[in-house]
Amino acid sequence: MKIALIAHDKKKNLMIDLAIKYKDVLAKHTLFATGTTGTLVMGETGLKITRMKSGPLGGDQQIGSMIADGLLDLVVFLRDPLTSQPHEPDVSALLRLCDVQNIPLATNVKSAEIMLTALKNNEI
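Caption draft 1: Molecular detail of the pattern of salt bridges. Tallied over the full model, the rule gives four salt bridges. Lys21 serves as the salt-bridge partner of Glu113, at 3.1 Å between the closest nitrogen and oxygen. On the criterion of sequence distance, the pair formed by Glu113 in helix α6 (residues 109–120) and Lys21 in helix α1 (residues 12–21) is long-range, its members being 92 residues apart. With a relative accessible area of 53%, Lys21 lands in the exposed category. Here Glu113 makes a salt bridge to Lys110, at a shortest N to O gap of 3.8 Å. Here Glu113 and its partner Lys110 are both found in helix α6, three residues apart, which amounts to about one turn of the helix. Taking the relative accessible area as the measure of exposure, Glu113 reaches 16% and is therefore buried.

Rendered as structure tokens:
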């Protein structure tokens, strides 16, 4: 599967923890991430990740383009719902594209764990 990993600033440590916990699962798939998230996760896990630009600099749009083109199978986007994001329209567009293209989308750690566990068990 082709999986995108995205995390807002206050959620990056949670993404690192998630990637460490599910490293064996993620290592079997093709990974993409926005810039900073990808750099941090790679540094902590050694996973191979294709990095896009930072989210506010167009990375969310790059991931959105991949979704629109049918190039992603799963998105883990750990969002910070309590902090205003300067690129909120890009975030909303990405979420909308997941719905339009019927791409599984996890926006918090618990939903990500459910999806990654299902992936580990070959249920998706």
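Caption draft 2: Main features of the layout of surface pockets. Taken as a whole, the largest pocket holds about 170 Å³ of empty space. Along its surface, the largest pocket is lined by 15 residues, and Ala7, Asp9, Lys12, Pro56 and His87 are the ones closest to its centre. Among the secondary structure elements, those contributing two or more residues to the lining of the largest pocket are β1 (2–7) and α3 (35–45). In terms of residue class, the lining of the largest pocket is made up of four nonpolar, eight polar and three charged.

Conventions used here
- Residues numbered from 1 in each chain as written.
- Predicted model: local features only at pLDDT ≥ 70, side-chain atom pairs only at ≥ 80, totals over all residues.
- Heavy atoms only, no water.
- Salt bridge = Lys/Arg side-chain N within 4 Å of Asp/Glu carboxyl O.
- Helix = DSSP H or I, 4+ residues; strand = E, 2+ residues; numbered from the N terminus.
- Buried < 20%, exposed > 50% of the residue type's maximum accessible area, 1.4 Å probe, protein only.
- 1 Å grid on protein atoms, 1.4 Å probe; cavity = no way out; pocket = protein on both sides within 12 Å on 5 of 7 lines; lining within 4 Å.
- Points joined across faces, edges and corners; volume = space filled by probe spheres on them.
- Nonpolar A, V, L, I, M, F, W, Y, C, P; charged D, E, K, R; others polar.

Remember that the coordinates give geometry; whether it matters functionally is a separate question.
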